[in-house]
Amino acid sequence: MKIVVIGTGYVGLVVGTGLTESGHFVTCVDRDAEKIRLLSEGKLTIYEPGLEELVVRNLEEERLRFTTDIESAIDDNLLVFICVGTPSLPNGAADVSEVLACAEQVARAMKGYHIVVIKSTCPVGTADKIREVMAGITTQPFDVVVNPEFMKEGAAVDDFMRPDRILIGCDDVRVLEIMKELYSPFLRTGKPLLTMSVRSAEMTKYAVNAMLGARISLMNELANICEACGADISEVREGLMADQRFGATYLFPGLGFGGSCLPKDMVACTQFAEEKNVVCDMLKAVAAVNDRQIDQFARRIIDYYGDAIGKKRIAMWGASFKPRTDDIRCSPALRVVDALLAKGATVAVYDPVSGPRVREQYGSRVEVAAKSYAVLENADGLVISTEWREFHHPDFERMASLMRERVIFDGRNLYTPRIMAGHGFKYFSIGRASV
Ligand SMILES: NC(=O)c1ccc[n+]([C@@H]2O[C@H](COP(=O)([O-])OP(=O)(O)OC[C@H]3O[C@@H](n4cnc5c(N)ncnc54)[C@H](O)[C@@H]3O)[C@@H](O)[C@H]2O)c1
């Protein structure tokens, strides 16, 4: 099949490249000319494990190409995926203007039948709006399908190749057959392709993120209770994990969730629900608990140093919102950086891949180290913000010898308090006794 994918960000690039892996010819379009130039040379502008190798191979096989020109790309491609961003408007609602702009461009370029597949996360009703906008521009036949994406950055290639499920919101049985055929190579292990109405598919994406956010916020609230009453959230988590009704994922307490999806989608869902006069106490509470968790973590660090914070040098391990990605959008780590900078502290960050992005965002206001131990030199404390694997078993004696003061604020509960006490560290974590 010949396919167009519009938007070559974290989602679009994985989708486009992933589809070439099953033999399709994919043209990836982006308005960012520099990104397209680099991608055409097989150079990625994002870090996603395993992706570069696939991009290079499929470029060489001439199954993948990159362009800035939507019009010429549309041509005789049957499927057109829209994967552009849907960021937050100032009131928190999702800004779908780029999605609509792409649909308009597609409608203008069409010279025959196309299926427009919406991968961007959009409020319920957007697909209908897209249909309306396109019908106002073109007399060519088309269908609009909603196919939300559930990939996790850091594991996106694997998630795309081996999804838990494929979800298709679609009203037409013939279109559904085409979508089933498209995804069949990725569902050979028996994972389901779920079909539903377009609006239910749009809502399911928000429901999934609401559920994930709720689990994390609830765990964080439980962790705070544990800390206040002498229980240990790690032990409590084991008790929860063993219960088949809950499962083991998304039960890790921490300094709060971030990233470009969960926080924005939670607020966007609240927005479109309230427009329909639906009360969203739970969704609001999930977001509020998360905000408080990040602020509370930053405050703990600031309170520890008191008035001396302005003279302190704080090292940070991890800047991305989760491990195995360079994405720092809405990263809780950066909220902590901002809070420390506001108090006059010197902040030095090490992250295995997102250092250049931190440098781009903060310039000289934050030191960015190239190595994990180098950032600890003369540090008055270490903040752990992201659970990269390399932070799990560090050389504590080497850390202690480099740091001016042996203090760790662990936002990811990577270490055992008793062991940290043995190494002479003051150790603060989440939902466990400090030592
Ligand atoms: N990042 C994730 O893990 C993830 C997961 C599931 C769903 N989503 C959703 O998928 C969508 C895309 O997310 P992302 O993280 O890939 O975004 P992104 O910001 O990384 O990428 C968006 C890309 O679209 C391009 N673009 C924007 N407007 C364009 C236009 N009019 N024409 C051509 N190109 C255009 C941008 O230049 C950019 O390269 C969002 O709606 C997001 O909520 C993201």
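Being a predicted model, the structure only gives us computed values, none of them experimental.

(A) Structural context of the environment of Cys229. Among the structural elements, Cys229 can be located in helix H9 (residues 198-229). Sequence-wise, Cys229 and Ala433 are 204 residues apart; in three dimensions their C-alpha atoms are separated by 9.4 Å.

(B) The arrangement of the site of the ligand in detail. Every one of the 25 residues lining the ligand counts as a neighbour, but Asp30, Lys35, Thr86, Glu153 and Lys264 are closest to it. A distance of 2.6 Å separates an oxygen atom of the ligand from a polar atom in the side chain of Thr86. In this structure, Arg329 approaches the ligand through a side-chain N or O atom, which is 3.0 Å from an oxygen atom. Protein coverage of the free-state accessible area of the ligand, which is 830 Å², stands at 90%. For the shell around the ligand, the secondary structure elements donating two or more residues are helix H1 (10-20) and helix H5 (97-109). Residues of the shell around the ligand, tallied by class, amount to eight nonpolar, eight polar and nine charged.

(C) Broad picture of the domain arrangement of the chain. Domain annotation for the chain reports domain 1 (2-196) and domain 2 (262-428). Computed from C-alpha atoms alone, the centre-to-centre distance between domain 1 and domain 2 is 33 Å. Contacts between the two partners involve 18 residues from domain 1 and, on the opposite side, 17 residues from domain 2. The contact between domain 1 and domain 2 buries some 1300 Å² in all, and 50% of this surface belongs to carbon and sulfur atoms. Summed over the three residues of domain 1 that lose the most area to domain 2, namely Tyr10, Tyr47 and Glu153, the buried surface amounts to 39% of that side. Counting across the interface, domain 1 meets domain 2 through one salt bridge.

(D) Representation of the pattern of salt bridges within the structure. Applying the stated rule across the entire model yields 28 salt bridges. Taking the shortest distance from any N to any O, the salt bridge between Glu274 and Lys284 comes out at 2.5 Å. Here Glu274 is found in helix H11 (residues 262-275), whereas its partner Lys284 is found in helix H12 (residues 281-305), with 10 residues between them in sequence. Under the relative-accessibility criterion, Glu274 is labelled partly exposed at 32%. A network of salt bridges, in which partner residues are shared, links Glu34, Arg37, Glu41 and Lys43.

(E) Expanded view of helix H8 (residues 173-183). Along H8, the positions that sit buried rather than exposed are Val175, Leu176, Met179, Leu182 and Tyr183. On an axial view of H8, the arc spanned by its buried residues comes to 120°, and they lie on one face. When the buried face of H8 is taken as reference, the exposed residues oriented beyond 90 degrees from it are Val173, Arg174 and Glu181. At the N-terminal end of H8, a side-chain oxygen is found 2.8 Å from the backbone nitrogen of Arg174, two or three residues along, and the residue is Asp172.

(F) Representation of the environment of Ser320 in the model. Within the secondary structure, Ser320 sits in the loop between strand S9 (313-317) and helix H13 (332-342). Between the C-alpha atoms of Ser320 and Ala228, which are 92 residues apart in sequence, the distance is 29 Å. At 2.8 Å, the side chain of Ser320 forms a polar contact with the backbone oxygen of Lys322. A distance of 3.3 Å separates the side chain of Ser320 from the backbone oxygen of Thr325, its partner in a polar contact.

(G) Just the side chain of Asn147, in detail. The topology assignment puts Asn147 in the loop between strand S6 (142-146) and helix H7 (156-161). Reaching out from Asn147, the side chain makes a polar contact with the side chain of Lys119 at a distance of 3.0 Å. Those residues in contact with Asn147 that lie beyond four places of it in its chain are Phe81, Val117, Ile118, Lys119, Ile166, Leu167, Ile168, Met179 and Tyr183.

(H) Region of interest: the sheet that holds strand S13 (residues 407-410). The sheet built from six strands is open, its strands ordered S11-S10-S9-S12-S13-S14 with parallel pairing. At either margin of the open sheet sits one strand with a lone partner, and together these are strand S11 (367-368) and strand S14 (426-428). Pairing geometry for S13 and S14, over three bridges, is parallel. Bridge pairing in S14 links Val407 to Lys426. The sheet strands contacting H12 are S9, strand S12 (381-384), S13 and S14, and the helix crosses S13 at an angle near 165°.

What counts and what doesn't
Residues numbered from 1 in each chain as written. Predicted model: local features only at pLDDT ≥ 70, side-chain atom pairs only at ≥ 80, totals over all residues. Heavy atoms only, no water. Helix = DSSP H or I, 4+ residues; strand = E, 2+ residues; numbered from the N terminus. Near = heavy atom within 4 Å. Polar contact = N/O pair within 3.5 Å; in protein donor to acceptor, adjacent residues only side chain to side chain. Areas by Shrake-Rupley, 256 points an atom, 1.4 Å probe, with all protein chains shown as cover. Nonpolar A, V, L, I, M, F, W, Y, C, P; charged D, E, K, R; others polar. Domains from an automatic or database assignment. Contact = heavy atoms within 4.5 Å. Buried area = accessible area lost by both parts, 1.4 Å probe. Salt bridge = Lys/Arg side-chain N within 4 Å of Asp/Glu carboxyl O. Buried < 20%, exposed > 50% of the residue type's maximum accessible area, 1.4 Å probe, protein only. Arc of directions from axis to C-beta. Pairing = 2+ DSSP bridges. Axes fitted to C-alpha atoms, helices over the stretch in contact; angles between N-to-C directions.

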